[in-house]
Amino acid sequence: MRDTRSTRILFQIGAIIFALFITTIVLFAANAQPFAAYKYIALGAVGSWDVISNVLVSWVPLLLATSGLLVTFTVGLWNIGIEGQITLGAIFTTWAMRLLETSGWNPTLILVIAMAAGMLGGTLWALLAGALKTFGGVNEIFGGLGLNFVATALNIWLIFGPWKRPGVASMSGTLPFDRSLWMPIAAGSSRLTPATIVIAIVGILAVYAMIEGTYFGLKLKAVGKNPKSAYILGIPTWQHMMLSFAICGVFAGLAGGVQVTAVYHRLIPSISSGYGYLGLMVAMLVGYRASIAAPVALFFAALNVGSIQLPIILKLDSSLAGVLQGTLVLFVILGQGVRAKLLKKSKVTP
Amino acid sequence: MHVELRGITKCFGALRANDAISFSVPPSTIQGILGENGAGKSTLMKILSGFYFPDSGDILLDGKKVKISAPADAIRHGIGMLHQDPLDFPPLKVIDDFILGKKGGMLPKRRAAIKDFKELAARFDFSIDPDSYVDTLTVGERQQLEILRLLWLGAQVLILDEPTTGISLPQKEKLFATLKKLAAEGMTILFVSHKLEDVEALCDRAAVLRQGKLIGTMDPPFDTKALVEMMFGKEMPQEPKAQLSAGLTVLNAKHVDLDGIRIQIKGLDLEVRAGEVIGLAGMEGSGQTLFLSACAGLAQPVGGAFCLDEEEKDMTGHTYLEYRKRGVADLPAARLEQALIPGLSLTEHFILSEEMRGLFIDRKKSEELAKRRISLYNIKGRPDSSVESLSGGNQQRALLALMRDPLKLILVEHPTRGLDIESTIYIWGKLKERCARGTAIVFISSDLDEILKYSDRVLVFFAGKVTPPLDANSLSVERLGALIGGKDWDTLETEAAHA
């Protein structure tokens, strides 16, 4: 077998077919009509302007998380702590909003400050995971996972403690902000906020340009592919790892800020909505290439939004989207593994 | 057990690690197996103990052909191997490590095993507490544990790979006594070593391997001179080197103490001068790699100091990146693991090695740079070739092409290992060009001819001991071979006084 573009694409198409096949089996096992289910997912994602805008609302934080993760993956780090970084971004944003909501300042200014605070929160939490790795020898996966739990606990404590609604604390989160402090919504839509879409697109373009075009990006790649050689070539290794953590933290914090200012308009217990983990899947699926991250993230967002229809219409659990996304990633990675193995084999016995 | 090898051949790619090796060892014999690094000793022993499968050839035990396809197979046939780095489980208790390889039952019979362990240990006068943890034992004790374990599993053939590296003298004496006792009881022992004195002290006979071939065997009394010649080959005539006028000091190692994982170096002094070449000789793991990494700031001395330049800038405690800024370059032996970045192209490597200005990479300019370097260093590859797709010789050329100019000091590990003659001559030509412009070179090689041919001065390392700098012009292959094998060290003192 030869290593060509066409074999690579062939394997990816094969992976998608396999993933659909497995999901279909799952649907049969759940006594559901697979094609009806797929139809309603599709309709639920693109059937009306309203659901399309819902997909875009979901796409923004997912793409932001993916953009950040592309940076940490480039330097060879598994920043699984991104969930916590999103949560801390949301907490810092909420904090800034609470401080400023009665200040009487220009709402735009308040929103900008709140988003900046979110970026700061995400960055600090990411640097904590980075410091644990660099100075404490804690693998970033374990450190990140631990910090995720701490972030969730902190979030719940704030919602039920210092920031609780007047009267009674509730799982539905803190008291919503005044309408004037919501991220401006597009005319004719109920939820779409153009500003956040611009942020997400600028973000992924910046990451793409950074990884593919700058010295810094090349150094990150070098460290990610072989830290020992990179060091011998004169690249300070751990400093670059810390920097990539910080950059990912900025994006995670932005995602958290978007969730607070543009989606929920308050802090809720599950504020990160699993976009961090989903972002890990998207980053893996695109093979850490920034160029195709945006459309794949859009597809995943569409699956997420579309599958909301399942419990409504077919009385099925909405976790089907998770099944489809999970198997898809699994088979794409499996396909890459099988392909690499076949390539190796054909090299040994030409 | 009678062990016989017939025509064992094993290739790794183009390298013939073992080339039709045949010899046999009767029971109650301690067979020494000698050879320099890469001679094929370890490969042969790994074939016998089931780690590798030979491409061709047979293994006969007591006259019967056997097929050994895994280490578990080997021990079932009674062959046990003690590896250079004991293959044990440091986090486990001694007794659990002891039981691990034993077949039978879901639940280990710990009590019976402890009894067996104590009996076996008493037989050889080993004092290891079965309840202590493996990582609290010394290397010597871990060897003892491995020997006991292999005996308990029924080993009748014991293979020891460089067992005297990293253990103390009393432990070595105890090991030798144990091996002699075992041989007297009928055990067949294969003792792999590069230390001539160990083989001479212990073995009933010796076989010498060189470049994958069995060169010869010898019975006692051993003739050291002949053994050295068998190990390293005949001496090649040397062209006399031009006498070097002493340049300015580039690196000054002042009474340096180094602590490696298994090797300690005490009080090493070396002054490296501009334009000279210093060869570090010795068997792998004798301390030369440790010293070379310390010269680059990749390992820190525990005592003494490293100073750079004529102004004697004390670099002790500074990192490699600071050494690099002061014009020190390091070229590791493991090219793809430690020096180049698989997955990145030649162009990308050149970009990384240059001074980077601005934010964005100028693709056009960097490709031109890559093209220039590729033709200048005669690299067979394109700017967009990934480094792992290059041959070893071209990777080494790429490494040279990546070095900055000017440099004060180049540290090279095995500059031409695995390269063909053409590449070897080319690489040394480029290195010598640098010397002519005042760069000093310190290099490690296990090729004695290379050491003698290119060095001005030579340091020999043996188990952490280091000779004073020896003049390469007055050294012979034979003399160097003896020093590497740990012989003739007592005469050095007097010579050093004359030098």
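What you are looking at is a predicted structure, and each value in this text was computed from that prediction instead of being measured.

Calculation notes
- Residues numbered from 1 in each chain as written.
- Chains lettered and ligands numbered in written order.
- Predicted model: local features only at pLDDT ≥ 70, side-chain atom pairs only at ≥ 80, totals over all residues.
- Helix = DSSP H or I, 4+ residues; strand = E, 2+ residues; numbered from the N terminus.
- Rg over C-alpha atoms; globule rule 2.2 N^0.38 Å.
- Buried ≥ 20, exposed ≤ 12 C-beta atoms within 10 Å, placed from the backbone.
- Pairing = 2+ DSSP bridges.
- Contact = placed C-beta atoms within 7 Å.
- Axes fitted to C-alpha atoms, helices over the stretch in contact; angles between N-to-C directions.
- Domains from an automatic or database assignment.
- Nonpolar A, V, L, I, M, F, W, Y, C, P; charged D, E, K, R; others polar.
- Parallel < 35°, antiparallel > 145°, perpendicular 65-115°, else oblique.
- Left-handed = near helix turned anticlockwise from the far one by under 90°.

Participant: Honestly, the overall build of chain A in this entry has me stumped. Any pointers?
Facilitator: In terms of regular secondary structure, chain A is built from 14 helices and zero strands. If you list the helices and strands of chain A from N to C, you get α-α-α-α-α-α-α-α-α-α-α-α-α-α. Taking 2.2 N^0.38 as the reference for a compact globule, 350 residues should give roughly 20 Å; the C-alpha atoms of chain A span a radius of gyration of 21 Å, in line with that estimate. The buried share of chain A, taken over its 350 residues, is 47%.

Participant: Mind showing me how you'd approach the sheet that holds strand S14 (residues 303–308) of chain B here?
Facilitator: The strands making up a sheet associate through hydrogen bonds between their backbones, and the pairing can be parallel or antiparallel. All names here are of chain B. Overall, antiparallel pairing links the four strands, which are arranged S12-S11-S14-S15 in an open sheet. Looking at the sheet topology across the chains shown, the edges are occupied by strand S12 (264–273) and strand S15 (313–314). Bridge analysis of strand S11 (residues 249–259) against S14 gives five bridges, and the strand direction is antiparallel. Directly across from Ala253, in S14, lies its bridge partner Phe306. Here helix H9 (residues 288–295) sits on the sheet and contacts S11, S12 and S14; the angle it forms with S11, its principal contact strand, is near 125°.

Participant: Looking at this structure, I do not really get the domain arrangement of chain B. What am I missing?
Facilitator: Bring the parts together and some accessible area is lost; that lost area is often taken as the interface size. Residues and elements named next belong to chain B. Domain annotation for chain B reports domain 1 (3–232), domain 2 (249–327 + 404–498) and domain 3 (346–403). For domain 1 versus domain 2, the distance between C-alpha centres works out to 33 Å. Across the boundary between the two partners, domain 1 contributes 16 residues, which contact 13 residues of domain 2. Taken together, the elements giving at least two residues each to the side of domain 1 that touches domain 2 come down to helix H7 (196–202) and helix H8 (224–232). The leading source of residues in the side of domain 1 that touches domain 2 is H8, at six residues. Tallied by class, the residues present in the side of domain 1 that touches domain 2 amount to five nonpolar, six polar and five charged.

Participant: Got a minute to help me understand the packing of helix H4 (residues 82–100) of chain A against helix H11 (residues 275–285) of chain A in this structure?
Facilitator: Residue and element names in this part refer to chain A. The interhelical angle for the contact between H4 and H11, taken along N-to-C directions, is 135°, at an axis separation of 7 Å. As the angle between them shows, H4 and H11 are arranged oblique. Here H4 and H11 pass one another in a crossing that is right-handed. Residues Ile82, Glu83 and Ile86 of H4 form the contact with H11, whose own contacting residues are Tyr275, Gly276, Tyr277 and Gly279. Its residues assigned to classes, the contact of H4 with H11 shows four nonpolar, two polar and one charged.

Participant: Could you clarify how one ought to interpret the sheet that holds strand S2 (residues 15–25) of chain B in this entry?
Facilitator: Residue and element names in this part refer to chain B. With antiparallel pairing, the four strands of this open sheet are ordered in space as S2-S1-S4-S5. At either end of the open sheet lies a strand with only one pairing partner, and these are S2 and strand S5 (64–66). Strand-to-strand twist of the sheet, defined as the mean angle between neighbouring strand axes without regard to direction, takes the value 30°. Across seven bridges, the pairing between strand S1 (residues 3–12) and S2 is antiparallel. Looking across to S2, one finds that Phe12 is bridged to Leu15. Docked against the sheet, helix H1 (residues 41–48) engages S1, S2 and strand S4 (56–61), running at close to 65° with respect to S2.

Participant: Help me understand unusual backbone geometry in this model?
Facilitator: Residues other than glycine predominantly adopt negative phi, and peptide bonds predominantly adopt the trans conformation. Residue and element names in this part refer to chain B. Between Pro220 and the following residue, Pro221, the backbone shows a cis peptide bond with an omega angle of 0°. Looking at the secondary structure, you find Pro221 in the loop between strand S10 (213–218) and H8. Backbone torsion omega between Asp405 and Pro406 reads 0°, so that peptide bond is classified as cis. When you line up the elements, Pro406 lands in the loop between helix H14 (392–402) and strand S17 (409–413). For Ala20, which is not glycine, the phi torsion reads 45° and is therefore positive. Looking at the element boundaries, Ala20 is found in strand S2. Residue Ala20 is classed as partly exposed on the basis of its 14 C-beta neighbours within 10 Å. For His255, which is not a glycine, the phi torsion comes out positive at approximately 50°. By secondary structure assignment, the location of His255 is in strand S11.

Participant: Any chance you could explain the interface of chain A and chain B here in plain terms?
Facilitator: The interface of chain A with chain B comprises 18 residues on the first partner and 21 residues on the second. Of all elements in the fold, only helix H8 (215–225) and helix H9 (227–232) of chain A reach the threshold of two or more residues within the side of chain A that touches chain B. In terms of residue count, H8(A) provides more of the side of chain A that touches chain B than any other element does, six residues in total. Tallied by class, the residues present in the side of chain A that touches chain B amount to nine nonpolar, five polar and four charged.

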